[in-house]
Amino acid sequence: MDELRHGDLFVSRALRLINNSTHGTTLTEHWPTDSRYTRGRTQVFVDVKTRLMDDLTNFPDYDRMGRFLERIKDNGIDVKGRRIADLGAGYGSLAIAAKRRGAAQVVAIDAVADRLDSLQQRASASGLEIETRVANLLTPFTETPIADVAFLIGVVEYAGLWDLALTPEELQQRIFHTAFTALEPGGTLIFASKNRWWPSFILRDEHTRQFLVDALPRGAADRVSRMTRGTPYREHIHSPKVWRKMILDAGFSRATCLYPLFNQWFPLTITDRPTFGELRRIIHQSDVPADMTRHVLGRAPWIKGGLMVASSTMGIPMTHGVVITATK
Ligand SMILES: C[S@@+](CC[C@H](N)C(=O)[O-])C[C@H]1O[C@@H](n2cnc3c(N)ncnc32)[C@H](O)[C@@H]1O
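Residues numbered from 1 in each chain as written. Predicted model: local features only at pLDDT ≥ 70, side-chain atom pairs only at ≥ 80, totals over all residues.

Caption draft 1: Structural view of the overall build of the protein chain. Broken down by element type, the protein chain carries 12 helices and eight strands. When burial is assessed residue by residue, the protein chain has 43% of its 328 residues classed as buried. A separation of at least 24 residues holds for 67% of the contacts in the protein chain among residues at least 6 apart in sequence. (Helix = DSSP H or I, 4+ residues; strand = E, 2+ residues; numbered from the N terminus. Buried ≥ 20, exposed ≤ 12 C-beta atoms within 10 Å, placed from the backbone. Contact = placed C-beta atoms within 7 Å.)

Caption draft 2: Inspection of the site of the ligand at higher detail. Not every one of the 20 residues close to the ligand is listed here, only the nearest: Gly 88, Gly 90, Ala 111, Leu 137 and Ile 153. Counting residues per element, the ones that place at least two in the shell around the ligand are helix 2 (45-53) and helix 4 (93-100). If you tally residues by element for the shell around the ligand, the top one is helix 2, at three residues. Along the lines of polarity and charge, the residues of the shell around the ligand split into 11 nonpolar, six polar and three charged. Each of domain 1 (1-19 + 38-53) and domain 2 (66-254) contributes no fewer than three residues to the shell around the ligand. (Near = placed C-beta within 6 Å. Nonpolar A, V, L, I, M, F, W, Y, C, P; charged D, E, K, R; others polar. Domains from an automatic or database assignment.)

Caption draft 3: Molecular detail of the pairing of strand 8 (residues 321-327). Counting buried positions along strand 8 yields six of seven residues, so the element is predominantly enclosed. When strand 5 (residues 183-194) meets strand 8, the two strands line up antiparallel, connected through seven bridges. Within the sheet, the bridge partner assigned to Phe 191 lies in strand 8 and is Ile 324. (Pairing = 2+ DSSP bridges.)

Caption draft 4: View of the nonpolar core. In this structure, Leu 87, Ala 150, Leu 152, Ala 179, Leu 189 and Ile 247 are the most contacted members of the largest nonpolar core, which totals 70 residues. A domain-level breakdown of this core finds at least three residues from each of domain 2 (66-254) and domain 3 (269-327). (Core = buried A, V, L, I, M, F, W, Y, C linked by C-beta atoms within 7 Å.)

Caption draft 5: Summary view of the environment of Pro 274. The topology assignment puts Pro 274 in the loop between strand 7 (269-271) and helix 10 (276-284). Considering only alpha carbons, one finds Pro 274 and Ser 311, 37 residues apart in sequence, at a separation of 9.6 Å. In contact with Pro 274, not counting residues within four places along its chain, are Tyr 259, Leu 261, Leu 279, Met 308, Val 309 and Ser 312.

Caption draft 6: Structural view of the packing of helix 10 against helix 12 (residues 301-313). The interhelical angle for the contact between helix 10 and helix 12, taken along N-to-C directions, is 150°, at an axis separation of 10 Å. Here helix 10 is positioned roughly antiparallel relative to helix 12, judged by the angle of their axes. Note on packing geometry: the crossing formed by helix 10 with helix 12 is right-handed. Two secondary-structure elements touch here, helix 10 through Phe 276, Leu 279 and Ile 283 and helix 12 through Pro 301, Gly 305 and Val 309. Class assignment for the residues of the contact of helix 10 with helix 12 results in five nonpolar, one polar and no charged. (Axes fitted to C-alpha atoms, helices over the stretch in contact; angles between N-to-C directions. Parallel < 35°, antiparallel > 145°, perpendicular 65-115°, else oblique. Left-handed = near helix turned anticlockwise from the far one by under 90°.)

Caption draft 7: Up close: the confidence of the model for the protein chain. With 77% of its residues at a pLDDT of 70 or more, the protein chain shows a mean pLDDT of 81. Per-element averaging of pLDDT across the protein chain places helix 1 (residues 2-22) at the bottom with 36 and helix 9 (residues 240-249) at the top with 98. Low pLDDT, under 50, characterises residues 52-61; the stretch is placed with 15 contacts to residues that sit more than four places away or in other chains. (pLDDT = per-residue confidence, 0-100.)

Caption draft 8: Structural context of unusual backbone geometry. A cis amide bond links Leu 261 with the next residue in sequence, Phe 262, at an omega value of -5°. Locating Phe 262 in the fold gives a position in the loop between strand 6 (254-261) and strand 7. The backbone of Arg 209 shows a phi angle near 60°, a positive value even though the residue is not glycine.

Caption draft 9: Looking closely at the sheet that holds strand 3 (residues 131-134). The strand order across the open sheet formed by eight strands is 3-2-1-4-5-8-6-7, and the pairing between neighbours is mixed. Each having just a single partner strand, strand 3 and strand 7 make up the two edges of the open sheet. Each strand of the sheet is rotated relative to its neighbour by a mean of 20°, with strand direction disregarded. The pairing of strand 2 (residues 105-110) with strand 3 spans four bridges and is parallel. Pairing of Val 107 across the sheet is with Glu 131, part of strand 3.

The following block contains the structure:
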């Protein structure tokens, strides 16, 4: 918990900087202009962006995770009429998007009460009913399962910060087990995280902003981190294959890796087999606003997308992220 409290302090400081530097930019539905906050350098990097993008006062109708849910629906999983658990819900973009899309019930769970308070404010502003629960996902559910579909998006990579006595992988495994206990038999887990082998992460880790730690063996990365930042390296991300194995080890019976192009936050497609035809389609699709193309597609979409497609075809996906759907 201490680590997260420290993180929250950092968030508020960083937010002040961001508010000074980027307020006044426009956010359009689905398409945040803020692609990267380069001044942040700790594990809460993503949260800083999340909070900016979820800003209640300025953008109450902003539907950040709506696009993600639409692409998951393309893969045959619809939230409509289902009981949803959003595990590590944060400020609630997924929970709110699911309720907007007709989920029968949404339970949003997070360890940080402030975030759930913001979530509740956002939900009430939109007239949506969402149940919130403050809980640590390292502890499994002992009551009756609460969901048919559980989302675990951008959470497990922080597990290593919760208890220095256990390895990050042991802690991550516990969270997958908690997700298992949240679900009815036959229920579905939707997990999303980053891929350790995405070239820019290999060069510089997304969470810690450290060079090469994702490429090095974990022990060496930890030593580098202690020398250069004075803290252990525990924000482990994995390859799709390793994430999938952890999910199966938690008891899930089937797990399928899907690849979001170009990333899991603003996916133009989420597919088990990215192809060049699909790449051509998404690069030329018309619903990316002109001023957003650089943020969504990047500067060299054919090179970036080409690498993702070619490497996936060869069975060693070097995608930015991975989405895994698994059945209990
Ligand atoms: C990067 S945010 C992701 C939020 C949200 N899922 C999204 O995609 O916008 C990670 C969230 O996980 C929560 N979290 C991390 N570890 C947790 C744990 N062990 N138990 C409960 N919540 C946790 C944090 O408080 C934070 O709100």
